[in-house]
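Below are the chains, spelled out letter by letter.
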Amino acid sequence: MSGKTKTLRVRKTTVNALINYAMVIVVFAATQILIGQGAISNTIQSMLVPVCCYVVMAVSLNLTVGILGELSLGHAGFMSLGAFSGIIAATLLQDAVPAAPLRLAIAMVVGGVFGGVGGVIIGLPVLRLRGDYLAIVTLAFGEIIKNVIQVLYIGLDENGLHFATKEANLALSETGKAILKGPMGATGVAKLASFTAGFLLILITLFVVQNLVDSRAGRAILSLRDNRIAAESVGISVTKYKLMAFVISAVLAGAAGALYGLNYSSTVASKFDFNTSILVLVYVVLGGLGSIRGSIIAAAVLTLLPELLRNGAINDYRMLIYAIILILVMLVTNNPTLRGGVDMAVKRIRGIGKKEQTEGGAQ
Amino acid sequence: MSKQYPKPKLVPVPSTNIIPERDIDKSPILECRHLGIDFGGLTAVSDFNMAIGRTEIAGLIGPNGAGKTTDFNLLPKVYQPPRGTIMLDGRDTHSMTTAQVSRAGIARTFQNIRLFSRLSVEDNVKIGLHNQAAYPMWSGIFRLPSYWKKERMAHNLALELLSIFDMQDLADHQAGSLPYGAQRRLEIVRALATGPSLLLLDEPAAGMNPSETAELMDNIVKIRDTFQIAIMLIEHDMNLVMGICEGICVLNFGKIIAKGTAEEIQANPAVIEAYLGKKEG
Ligand SMILES: Nc1ncnc2c1ncn2[C@@H]1O[C@H](COP(=O)(O)OP(=O)(O)OP(=O)(O)O)[C@@H](O)[C@H]1O
Ligand SMILES: [Mg+2]
């Protein structure tokens, strides 16, 4: 190998990462142009921020499930932590930080920090254990977060934040207002989220995850997935790198949660339940474990699909079609016999073509 | 009558271990004393005493199921030894984890190959270099100067190590797609990448043809000479063991039945009965 080929060598991982950035930027620019021309309906426009949030959720969950190889069933729990802490932070800063984009950015950082703290609290004890304990504990965590927020009342007045488990106990002054009202969730939230913010969050997520994976720490995380015993034998500490991947994943989910929460005037905790965790997991599995691009595409397409199916004659059957598409894709991408069957069918179809050609040639 | 205190059985320490004469002015790199482990009712290893010189190539042989691999799992603490002591470079490894023992200087290969099979050959070696070319996580995320410096260093070191086995051109291949012999060699390269002072090879020649084995023997000696490290290997290929091993240890049913040079081992009646006798006589 000469020095020349070494310096000229462009690595496949770098190319893949650049394609992902390019894809996101092109789609964002195209969408902005279409919005300018009025070619995108209001319903679809209202879904752009959630789409961005789910893309970030899927990419970050892929870090835990696909790249680290640990099953997490409570990713929405971190989103929930991020959403409500972000809403509270944005409300607190209403007067102190008049610039909305800056307030949104701070709220997303706060959401990320809360998500990350949740990740440490869950990950530190559980990731030391061997076996699928993480799945069970994250499942419980998601439900606990939901239930706690459903009984929590948080209010703000000139004396600061008030916490209570009953609205009457909040003891707010006359000018105070309740931000979080138990089962009713957060209400009266100033909508700060924008498509551009979502786009930037996706870019940041790609930057963090892709650069991490293509570095020393990322290789250590991948080595734990491929062969834990061998990884330990070369001096990689299992708990440290498992925790690193899990916490980064939780931080990104928290930031996505903050963006999501600040996209609506009211948000309830039950929005971030087990179903949401499973939905994000479905995006990751359908996009391909470990494939960042797959996660982006699967999350974006599957979030929009139910809306896109809403028009015309198929409207009545849209959820049915959605379910069938999901099941089919899942079966084809994950079932070895079915995948083999599809491969075989493709080969046969090609074979038939060839046969006809040769027969034609012989005649 | 005076009070009766329990009377323990006294055992000699340090044990009567042997190492090559040229290493005698330095303490042994590894010394095991009374090492033992049971699996249920089965005593897989018992009273294992062994010392390895700093630049020794040591052999560990014995019939199938003798406890050789179990021994190789005790030394890097894959199993925490319930009995006995392991001294690595004069340090007791009792409280260390596998990863800590690796950083302290023991590297190993596996009888059943354990590569990071979905990753590239180069990445496998770079993972071996984890603690040799270290930089913090955020430096990797934000591509700080230490990332570029250490990554370039890791890349060059990886190719250099691969060139020991003339494998540098395979750097971009997927590890799992390599032929069997190349996978075994890659495991050795990955182990060497950790910068060990003791390299444990579990059946490095398994599945190799005679010419590959001959090349491997040359390379094991070359590795010892270049890196000035100790190597302990388990092998069923007697040509390899008798050819390059200096101190040889014979295990049978978890117990050491003989220790010595190749000539001494080949002449030992207990060994002939337990092991070599079965082969050809
Ligand atoms: N984890 C384990 N649990 C129970 N028994 C075990 C375990 N590991 C090894 N053994 C048993 O301990 C004995 C020694 O096994 P070991 O793998 O050390 O043999 P070996 O000398 O390496 O043999 P071979 O030459 O076939 O590789 C065998 O009887 C084996 O079945
Ligand atoms: Mg063995």
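Conventions we followed
- Residues numbered from 1 in each chain as written.
- Chains lettered and ligands numbered in written order.
- Predicted model: local features only at pLDDT ≥ 70, side-chain atom pairs only at ≥ 80, totals over all residues.
- Heavy atoms only, no water.
- Helix = DSSP H or I, 4+ residues; strand = E, 2+ residues; numbered from the N terminus.
- Buried < 20%, exposed > 50% of the residue type's maximum accessible area, 1.4 Å probe, protein only.
- Lys, Arg positive; Asp, Glu negative; His and termini not counted.
- Salt bridge = Lys/Arg side-chain N within 4 Å of Asp/Glu carboxyl O.
- Polar contact = N/O pair within 3.5 Å; in protein donor to acceptor, adjacent residues only side chain to side chain.
- Contact = heavy atoms within 4.5 Å.
- Domains from an automatic or database assignment.
- Buried area = accessible area lost by both parts, 1.4 Å probe.
- Core = buried A, V, L, I, M, F, W, Y, C linked by side-chain atoms within 4.5 Å.
- Axes fitted to C-alpha atoms, helices over the stretch in contact; angles between N-to-C directions.
- Parallel < 35°, antiparallel > 145°, perpendicular 65-115°, else oblique.
- Nonpolar A, V, L, I, M, F, W, Y, C, P; charged D, E, K, R; others polar.
- Donors = N, O, S within 2.8 Å, 3.2 Å for Na, K, Ca; no water.
- Left-handed = near helix turned anticlockwise from the far one by under 90°.
- Pairing = 2+ DSSP bridges.
- Near = heavy atom within 4 Å.
- Areas by Shrake-Rupley, 256 points an atom, 1.4 Å probe, with all protein chains shown as cover.

Asks: Can you help me understand the side chain of Arg184(B) in this one?
Replies: Residues and elements named next belong to chain B. By the secondary structure assignment, arginine 184 is in helix α6 (residues 180-193). The buried charged residue arginine 184 lacks any salt bridge, with glutamate 187 as its nearest oppositely charged partner at 4.7 Å. At a separation of 3.3 Å, a polar atom in the side chain of arginine 184 contacts the main-chain carbonyl oxygen of phenylalanine 110. Here arginine 184 is in contact with Phe110, Gln111, Ile113, Asp202, Glu203, Pro204, Ala206 and Met208, once residues within four sequence places are set aside.

Asks: Before we go on, may I ask you to explain the interface of chain B and chain A in this structure?
Replies: In many analyses, interface size is given as the accessible surface area lost on bringing the parts together. Contacts between the two partners involve 37 residues from chain B, matched on the other side by 30 residues from chain A. Connecting chain B to chain A are 3 salt bridges. Measuring nitrogen to oxygen at the nearest pair gives 3.2 Å for the salt bridge that ties Asp226(A) to Arg118(B). Our count for the contact surface shared by chain B and chain A stands at 14 residue pairs in polar contact (both at pLDDT 80 or more).

Asks: Looking at this structure, how should I read the domain arrangement of chain B?
Replies: Residue and element names in this part refer to chain B. By the assigned domains, chain B splits into domain 1 (16-105 + 196-276) and domain 2 (116-195). Contact residues are listed per partner, giving 19 residues for domain 1 and 13 residues for domain 2. Of the roughly 1,300 Å² buried between domain 1 and domain 2 on both sides combined, carbon and sulfur atoms contribute 68%. Considering only the surface of domain 1 that becomes buried against domain 2, Pro196, Ile223 and Phe227 emerge as the three largest contributors, covering 31% of it. At the surface where domain 1 touches domain 2, the tally comes to 1 salt bridge. A salt bridge links glutamate 212 to arginine 185, with the nearest nitrogen and oxygen atoms 3.5 Å apart. For the interface between domain 1 and domain 2, the tally reads 2 residue pairs in polar contact (both at pLDDT 80 or more). Mapped onto the side of domain 1 that touches domain 2, the elements with two or more residues apiece are α2 (98-104), β7 (198-202) and α7 (210-227).

Asks: What is the right way to look at the nonpolar core in this model?
Replies: If you look at soluble globular proteins, the nonpolar side chains tend to sit buried side by side. Ranked by size, the top nonpolar core spans 111 residues in total, and within it Phe84(A), Leu212(A), Ile236(A), Tyr241(A), Ile248(A), Leu259(A) and Leu262(A) carry the most contacts. In terms of residue count, helix α3 (residues 42-68) of chain A provides more of this core than any other element does, 18 residues in total. Excluding its chain neighbours within four sequence positions, the residues that come into contact with Ile236(A) are Ala220(A), Ser223(A), Leu224(A), Ala231(A), Tyr241(A), Ala99(B), Arg103(B), Ile127(B) and His130(B). One finds Ala182(B), Ile188(B), Ile223(B) and Met238(B) within the second-largest nonpolar core, a separate group that totals 49 residues.

Asks: Where do I start with the packing of helix α4 (residues 75-92) of chain A against helix α6 (residues 133-150) of chain A in this structure?
Replies: For any two helices packed against each other, the geometry is given by the interaxial angle and the distance between the axes. All names here are of chain A. The geometry of α4 relative to α6 is characterised by a closest axis approach of 8 Å and an angle of 30 degrees between their N-to-C directions. Put simply, α4 runs roughly parallel to α6. Of the residues in α6, those touching α4 at Gly77, Phe78, Ser80, Leu81 and Phe84 are Phe141, Gly142, Ile145 and Ile149. Broken down by class, the residue content of the contact of α4 with α6 amounts to 6 nonpolar, 3 polar and no charged.

Asks: Hey, could you run me through the coordination of the magnesium ion (ligand 2) in this one?
Replies: Note on metal geometry: ideal angles are 109.5 degrees for four donors arranged tetrahedrally and 90 or 180 degrees for six donors arranged octahedrally. Listed as protein donors to the magnesium ion (ligand 2) are Thr69(B) (OG1) and Gln111(B) (OE1); their distances from the metal cover 1.9 to 2.0 Å. With Thr69(B) in helix α1 (residues 68-74) and Gln111(B) in the loop between β6 (106-108) and α3 (121-128), this residue pair connects regions lying 42 residues apart in the sequence.

Asks: Please explain the packing of α4(A) against helix α11 (residues 274-287) of chain A as it appears in this structure.
Replies: Residue and element names in this part refer to chain A. Contact pair α4 / α11: the axes reach a minimum separation of 7 Å and the direction vectors enclose 115 degrees. The crossing of α4 and α11 is right-handed. Across the interface between the two elements, His75, Ala76 and Gly77 from α4 touch Thr276, Ser277 and Val280 from α11. Among the residues making up the contact of α4 with α11, the classes are represented as 2 nonpolar, 4 polar and no charged.

Asks: Even after reading the chapter, I still don't get the sheet that holds strand β9 (residues 247-252) of chain B, so can you show me in this structure?
Replies: Residues and elements named next belong to chain B. What the 6 strands build is an open sheet, ordered β6-β7-β8-β3-β9-β10; its pairing is mixed. On the outer flanks of this sheet lie β6 and β10 (255-260), each paired with one strand and no other. Shown here is a sheet whose adjacent strand axes are inclined to one another by a mean of 20 degrees, direction ignored. Bridge analysis of strand β3 (residues 57-61) against β9 gives 4 bridges, and the strand direction is parallel. Bridged to isoleucine 61 within β9 is valine 250. Helix-sheet contacts for α6 involve β6 and β7, and the interaxial angle to β7 is about 160 degrees. Set on the sheet, α7 makes contact with β3, β7 and β8 (230-234); between it and β8 the angle comes to about 155 degrees.

Asks: Help me understand the pattern of salt bridges, please; the structure alone is not making it clear to me.
Replies: Oppositely charged side chains can form a pair if their charged atoms are brought close together. Summed over all chains, the structure comprises 19 salt bridges over all chains. Between Asp226(A) and Arg225(A) there is a salt bridge; the shortest N-O distance is 3.4 Å. The exposure class of Asp226(A) is buried, given its relative accessible area of 17%. The shortest N-O distance in the salt bridge between Arg33(B) and Glu31(B) comes to 3.7 Å. One network of salt bridges, in which partners are shared, links Arg219(A), Glu122(B), Lys126(B) and Glu151(B).

Asks: Help me understand the site of ligand 1, please; the structure alone is not making it clear to me.
Replies: All names here are of chain B. Within the structure, ligand 1 sits among 14 residues, and Lys68, Thr69, Thr70, Gln111 and His236 are positioned closest to it. For ligand 1, an oxygen atom lies 2.7 Å from a polar atom in the side chain of threonine 69. In this structure, histidine 236 approaches ligand 1 through a side-chain N or O atom, which is 2.8 Å from an oxygen atom. Across the complex, the protein chains shield 64% of the 630 Å² of accessible surface that ligand 1 would expose by itself. Among the secondary structure elements, those contributing two or more residues to the shell around ligand 1 are β2 (42-52) and α1. The dominant element in the shell around ligand 1, judged by the number of residues it contributes, is α1, at 3 residues. Its residues placed into classes, the shell around ligand 1 shows 5 nonpolar, 7 polar and 2 charged.

Asks: Just checking my understanding: could you explain the sheet that holds strand β1 (residues 30-39) of chain B for this structure?
Replies: Backbone-to-backbone hydrogen bonds pair the strands of a sheet. The strands run either parallel or antiparallel. Residues and elements named next belong to chain B. With respect to topology, 4 strands assemble into an open sheet ordered β2-β1-β4-β5, the strand pairing being antiparallel. Looking along the sheet, the strands with just one partner apiece sit at the ends: β2 and β5 (91-92). Pairing geometry for strand β4 (residues 83-88) and β5, over 2 bridges, is antiparallel. If you follow leucine 88 over to β5, its bridge partner there is arginine 91.

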